[in-house]
Structures are given as structure tokens and as C-alpha cells.
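# Results of the structural survey
Chain by chain, the residues:
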Amino acid sequence: FMYGIAFDIGTTTIAAGLVDLKKRNTIAEASVPNPQTRFGNDVISRIEAVAKTPNALAEMRHAALTACNKLISGFGMDAEKISKIAVAGNSVMEHILLGISPEPMGRIPFKTAFKEARVLKAKEAGFNASENASLYVFPLIGGFVGGDSVAAALFLKLDEEKGVTLAIDIGTNSEIMLSTRSGLLTTSAASGPAFEGGNISAGMTAMAGAIEDITIKGDDVTISSIGGVAPIGICGSGIVSVMAELLKSKVMDKTGRIKSKGEITTNLSCRIKEGSSGNSFILFKGAKGEITISQDDVRAFQVAKAAIRAGMEVLFERAEITPDKVEKVFLAGAFGSHIKKDSLETVGLFDREWNKKIEVSGDAALEGAKMALVSDESEKRAEKIASEAKYVPLSGSRLFETRFIENMNFS
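Heads up: these notes are all about the structure in this document. Since the model is a prediction, treat every value here as computed from it, not as a measurement.

Moving on: helix H1 (residues 43-52). Taken together, the buried positions of H1 are Val43, Arg46, Ile47, Ala49 and Val50. For H1, the angular spread of buried residues about the axis comes to 155°, placing them on one side. Residues of H1 that are buried sit in contact with helix H2 (56-74) and helix H3 (91-97). For H1, the side-chain oxygen to backbone nitrogen distance between the N-cap and Ile44 is 3.3 Å, and the N-cap itself is Asp42.

As C-alpha cells, this is what we get:
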């Protein structure tokens, strides 16, 4: 039996898929938190760690490889049966995995040390695999748009789309791709970890006990947590849902200010905790304490939302199209599978007319990496996508700064 392993190495999570190369089917999938987070929650802090600490690059590489090998052994797979490994990751993650310093990406013009696909011996690169197993590392588009975007574009067939298609993977670094008749435009918005529960007081990753959805009707707050267990925190989809419901119930105004008790006419005022640095809203009271959304949490979310929306608008402008011309919207990543579509519209991230056009595409990067395992043709397509896509940098862009400020409020 010959098997392949596909990896999507994200800033926050490393996901893996075990594939039967003969039958071309997925046998199992698993994921673990990226252990590099001890060096920082985002790619910039990890670049800084490499720049400042002598062994940081080697330690981060070792941490990622250890996590990947842990996933391989978790599949109960004998290393000798693994004949191919494919890796898709953002630009910084791929640099670190290959032991290449991502330092140049920490300063203008944010240049990557390499762009082309890499083919190596998996074992020599540090993976638990057979002696002759190959490692395919996806090519990069440019800047912070990496191999995970190429793999997602491959799976979503953005290179074959004839109409106007928007694909977005919301995360610590949100990749945005706009496919039009004249080609593929890409960018990356440094949206911070708010959409993955980071920088949020009760934030957590999407696991059992995380609030993933809330509904406010009248005075009632209904909470849905992953696994149906008592809530212990709130994950990305829950944060979007909370923001939308606080706006709809008029607990929060369009500027993102959580109102004081005296301004709220319903019994929801009982859930407000007033403080000198802004008010908080109590979502849940349990035996282990309260889960609240603070004014600082709202601000962290607004910054993330404004960055993503502004990034989209820069691409629309570059492509000389208006948002209403979008025919299809792919929402990739784990975040997309739990989100209520209308919440994205309420918080001003998506347009109302997009609601019927949204397709949740799961971990599109992992699916693209699986395609590279079973077909040389897919590898060729990936390389063509990477070489032909245009990268649009947002740093130093006046248009981006203008749009960012315009999108700060909830429209």
C-alpha cells in the first residue's frame, strides 16, 4: 500500500489528510494547534523572533515538523508506507518549514526568499516517511500570499472560472483572491487573530465548549456551543455572531460602542457591566464564572473586519469592477463552516447580494494539497496559477488606508 500525506500549515493550526494514492481517496483527517504560537500569534511576530533570537528559526522549524510527525503517527501509519508528502502553507510557514529565514518579509518590499515549488526528499526534510518518499512544497504567489492560497485556488478551480469569483480565507492573515476574465488578483490582509478567537478576552479556538453562535430575541440570549457542552469561551464564528446580534438588538451602536445600562430599554441592560475603559456585555454566567464581550474585544474585531473588507475593495478597484459584479463567493477555512451568512452582512464584511452566492469550501488549501499528491497535472496547474496570479500589496497603499478607515464602523 502506498499512502500520501497532505498538510495545510497555518499560523494557528496544522491540518493533515491521509490519502490512499491508488484509490485517490481520503482515509483520515486530523489537526493540531501550531506549536510555533509560543513565538507569537501572527507571522510578523514570528519573523521578528527569527530576527532577534539566534535559534528561533531552527526551533520553529523543529516545532512544526514535530507537530506534522505527531499527526502522521496519529494516523497509525507506518512511515515506510508513506511515499509522498505535499505541503501548502502561507509564505512565512513554508520558509520556516524549509529552514529558510523569512526575515526579508518583515520589511518593505516584503520579498520572499523563494517563489517556485520545492521538491525534496521527505525524510531529509525531517518528515517520518520512507527513504524514497518525495516532499512537494507548493509555490508562492508573492508577499504574504503563499502556497495555501495556490492550493485553495487549485481546488476551487479559480484558474478555470469564467465569471467574477471572490475567494477568501479568513484567519490571522486573511488571503483574498479575485478571479476575473483578465486573471487572478490576490492580496493578504493582516487581520490579526480576532476571527480565530485571538486578542479577544474570552477567545479560544473552535473546539468543544466554544460558543459558535448566539441569537438575541427580545430579552433572551440563546447560546450554541461546539459539542453542546457548557461554554468555556468563544471562537471566531461566535464572535461574528455576537457582533451581529449586539448590533441588531441595539445594545451596540454603529460605531461599535457598547451602550450603558440607561440607554437600553429592554432587560438586556441587566447584562451590561459598566467600566472606566468601556462597557462589557455578559453572554453567559456559569459555575466557572462569566463569559463577556468587552469594548476592547469589539475594537479588535472592528480592526480585523475593516482590514479584510478594505483588502477586498482594493482588489475590486484594481480589477475595475464593483462588488455587485461578484457572481460567486467562496468562504474557505474552518471559520467559514460555522458562520451564519447573514451575520457577515450585518457586520459590514459582505454585501447583502452575496448571501445567495456564498459557497462554504472548508479547508480548500488542504484539499488542493491532496490533489497534488495524486496528480502531476495538479502540480503543473498549481505552478501555473502561482506564476500568473498578480499580487497586490496593501502596505503603503493610500487606497487601502482610506478604505480601512471607511470600514471601521458597522455599516
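Another aspect to go through is unusual backbone geometry. Of the consecutive residues Ile108 and Pro109, the connecting peptide bond is found in the cis state with omega at 10°. As for its placement among the helices and strands, Pro109 is situated in the loop between H3 and strand S5 (118-121). In the Ramachandran plot, Lys157 falls in the positive-phi region, its phi being about 60° despite a non-glycine side chain. For Lys157, the position within the fold is in the loop between helix H4 (147-155) and strand S7 (165-169). Take Lys157: its relative accessible area is 44%, and that puts it in the partly exposed class.

This paragraph deals with the packing of aromatic side chains. This structure, assessed with the given rule, holds seven aromatic pairs. A centroid spacing of 6.1 Å and a plane angle of 50° characterise the contact between Phe110 and Phe144, whose relative ring orientation is tilted. Of this pair, Phe110 sits in the loop between H3 and S5 while Phe144 is found in the loop between strand S6 (134-137) and H4, placing the two residues 34 residues apart along the sequence. An aromatic cluster is defined as three or more aromatic residues linked by ring pairs; in this entry it consists of Phe316, Phe350 and Trp354. Above the plane of the ring of Phe114 lies Arg118, whose end atom (NZ or CZ) is 4.6 Å from the centre.

As a further point, take the pairing of strand S1 (residues 3-9). Where burial is concerned, most of S1 is hidden: seven out of the seven residues are buried. Pairing geometry for S1 and strand S4 (residues 82-89), over seven bridges, is parallel. Directly across from Gly4, in S4, lies its bridge partner Lys84. In terms of strand pairing, S1 meets strand S2 (residues 13-20) through seven bridges, oriented antiparallel. Bridging across to S2, Gly4 finds its partner in Val19. Hairpin remark: S1 followed by S2, antiparallel, with three residues in the connecting loop.

Thresholds applied
- Residues numbered from 1 in each chain as written.
- Predicted model: local features only at pLDDT ≥ 70, side-chain atom pairs only at ≥ 80, totals over all residues.
- Heavy atoms only, no water.
- Buried < 20%, exposed > 50% of the residue type's maximum accessible area, 1.4 Å probe, protein only.
- Helix = DSSP H or I, 4+ residues; strand = E, 2+ residues; numbered from the N terminus.
- Arc of directions from axis to C-beta.
- Contact = heavy atoms within 4.5 Å.
- Polar contact = N/O pair within 3.5 Å; in protein donor to acceptor, adjacent residues only side chain to side chain.
- Phe/Tyr/Trp six-rings, centres within 6.5 Å; stacked < 30°, edge-to-face > 60°.
- Lys NZ or Arg CZ within 6 Å of the ring centre and 35° of its normal.
- Pairing = 2+ DSSP bridges.

Read these as geometric descriptors, not functional statements.
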